[in-house]
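# Coordinate inspection notes
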Amino acid sequence: GAVVSQHPSWVICKSGTSVKIECRSLDFQATTMFWYRQFPKQSLMLMATSNEGSKATYEQGVEKDKFLINHASLTLSTLTVTSAHPEDSSFYICSAAPGYSGNTIYFGEGSWLTVV
Amino acid sequence: TQLLEQSPQFLSIQEGENLTVYCNSSSVFSSLQWYRQEPGEGPVLLVTVVTGGEVKKLKRLTFQFGDARKDSSLHITAAQPGDTGLYLCAGAQGFQKLVFGTGTRLLVSP
């Protein structure tokens, strides 16, 4: 079946630095991918819609200059957390779906970010 | 703003008991999905319901979509420890875009 992979699975970075998380669709092309954030013991909150070849669409309250999204190819979207702070520590998950899948959406394994 | 409210937020039961999780919204969704998520992993799709009033069964799990397509329920019969996890409903807003519910954390003890 369709697979979406994220890298890295976990990352620790120092406060003030930037960190990049990749989301890849391994066996299908995705013009649209989605990025979610999940704090411990909470649900997934949609951050932004990543659009191949164009600017991402951010949800209300999400800082676009802090969470940079690049969807440079049909199989790769990246989320860069800039000037990370401890409050950015969270589980970040992406999703994507092939155009033929109807309602089937595939999620990545998630990436744990810890900012120290 | 969370558009989908789930209840209960947390449920701790003994093996063999039955339970129902509710997912309610004031918005209408073209479809609604239920996921289960294990700690440190991405959510895994359990079912998609599309038609108002639709009922789907997946072994011991029964899913229902409200007639007005604003709410849904998940019923588990004879729960097992392997059912432990975070259950999430998610409403579809347009193509592929999901809004997740607040989540229900289920713990089934042997």
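Use the structure listed above.
Report on the accompanying structure. The structure presented is a predicted model; accordingly, all values stated were derived computationally and were not measured.

Residues and elements named next belong to chain A. Within the secondary structure layout, Y58 lies in strand 6 (residues 57-58). Accessibility expressed as a relative area gives 22% for Y58, which makes it partly exposed. With 12 residues separating them in the primary sequence, Y58 and L46 have C-alpha atoms 8.7 Å apart. Ignoring anything within four residues of it in the chain, the contact list for Y58 reads M47, A48, K64, F67, L68 and I69. Here I69 takes part through its backbone nitrogen, which lies 3.3 Å from a polar atom of the side chain of Y58.

Attention now goes to the interface of chain A and chain B. Facing the 23 residues of chain A at the interface are 22 residues of chain B. Both sides of the chain A and chain B interface together cover about 1,700 Å² of buried area, and 57% of this is carbon and sulfur. Here chain A and chain B share one salt bridge between them. Remark: the boundary between chain A and chain B carries five residue pairs in polar contact (both at pLDDT 80 or more). Within the residue set of the side of chain A that touches chain B, elements represented by two or more residues are strand 4 (32-38), strand 5 (45-51) and strand 9 (90-96) of chain A. With four residues, strand 4 of chain A is the single largest residue contributor to the side of chain A that touches chain B. By residue class, the composition of the side of chain A that touches chain B is 12 nonpolar, eight polar and three charged.

This part is about unusual backbone geometry. The omega torsion across A:H7 and A:P8 is 0 degrees, close enough to zero to call that bond cis. Among the structural elements, A:P8 can be located in the loop between strand 1 (4-7) and strand 2 (10-13). Omega for the bond connecting B:S7 with B:P8 falls within 30 degrees of zero, at -10 degrees, which places this linkage in the cis form. Of note, B:P8 is situated in the loop between strand 1 (4-7) and strand 2 (10-14). Within the chain, A:S83 stands out as a residue other than glycine whose phi angle is a positive 45 degrees. Note that A:S83 resides in the loop between strand 8 (76-81) and strand 9.

On to the layout of surface pockets. In this model, the second largest pocket occupies a volume close to 180 Å³. Lining the second largest pocket we find 14 residues, and of these A:Q38, A:K41, B:P39, B:G40 and B:R105 sit closest to its centre.

This part takes up the state of the cysteines. Taken as a whole and assessed by the stated rule, the structure comprises two disulfides over all chains. Two residues share a disulfide in this structure: A:C23 and A:C94, whose sulfurs sit 2.0 Å from each other. Disulfide A:C23 to A:C94: torsion about the S-S bond roughly 80 degrees, handedness right-handed. Note that A:C23 is positioned in strand 3 (residues 19-25) and A:C94 in strand 9, a separation of 71 residues in sequence. For A:C23, a relative accessible area of 0% puts it in the buried group. Between the sulfur atoms of B:C23 and its disulfide partner B:C89 the distance amounts to 2.1 Å.

Moving on, we come to the sheet that holds strand 7 (residues 67-73) of chain A. Residues and elements named next belong to chain A. Pairing is antiparallel in the open sheet, where four strands are placed in the order 1-3-8-7. If you trace the sheet from one side to the other, it starts and ends with strand 1 and strand 7, each paired once. If you compare each strand with its neighbour and ignore which way they point, the axes differ by 20 degrees on average.

Looking now at the sheet that holds strand 8 (residues 71-76) of chain B. Residues and elements named next belong to chain B. Judged by pairing direction, the sheet is antiparallel, and its five strands sit side by side in the order 1-3-8-7-6 without closing on themselves. Bordering the open sheet on either side are strand 1 and strand 6 (55-58), each of which pairs with just one other strand. This sheet shows a mean twist of 15 degrees between the axes of neighbouring strands, independent of strand direction. As judged from the six bridges shared by strand 3 (residues 19-25) and strand 8, these two strands associate in the antiparallel manner. Residue pairing across strands places Y22 opposite S73, the latter belonging to strand 8.

All names here are of chain B. With respect to burial, strand 9 (residues 85-92) is a largely interior element, eight of its eight residues being buried. The sheet contact formed by strand 4 (residues 32-37) and strand 9 spans six bridges and is antiparallel. Directly across from Q33, in strand 9, lies its bridge partner A90. Here strand 9 runs beside strand 11 (residues 104-109); their pairing, made up of three bridges, is antiparallel. The partner of L86 across the bridge, within strand 11, is R105. Bridging between strand 9 and strand 10 (residues 98-100) involves three bridges; their strand directions are antiparallel. Each residue of the ladder has a partner; that of G91, found in strand 10, is V99.

Here is what the cut-offs are and how they apply
- Residues numbered from 1 in each chain as written.
- Chains lettered and ligands numbered in written order.
- Predicted model: local features only at pLDDT ≥ 70, side-chain atom pairs only at ≥ 80, totals over all residues.
- Heavy atoms only, no water.
- Helix = DSSP H or I, 4+ residues; strand = E, 2+ residues; numbered from the N terminus.
- Buried < 20%, exposed > 50% of the residue type's maximum accessible area, 1.4 Å probe, protein only.
- Contact = heavy atoms within 4.5 Å.
- Polar contact = N/O pair within 3.5 Å; in protein donor to acceptor, adjacent residues only side chain to side chain.
- Buried area = accessible area lost by both parts, 1.4 Å probe.
- Salt bridge = Lys/Arg side-chain N within 4 Å of Asp/Glu carboxyl O.
- Nonpolar A, V, L, I, M, F, W, Y, C, P; charged D, E, K, R; others polar.
- 1 Å grid on protein atoms, 1.4 Å probe; cavity = no way out; pocket = protein on both sides within 12 Å on 5 of 7 lines; lining within 4 Å.
- Points joined across faces, edges and corners; volume = space filled by probe spheres on them.
- Disulfide = S-S within 2.5 Å.
- Pairing = 2+ DSSP bridges.
- Axes fitted to C-alpha atoms, helices over the stretch in contact; angles between N-to-C directions.

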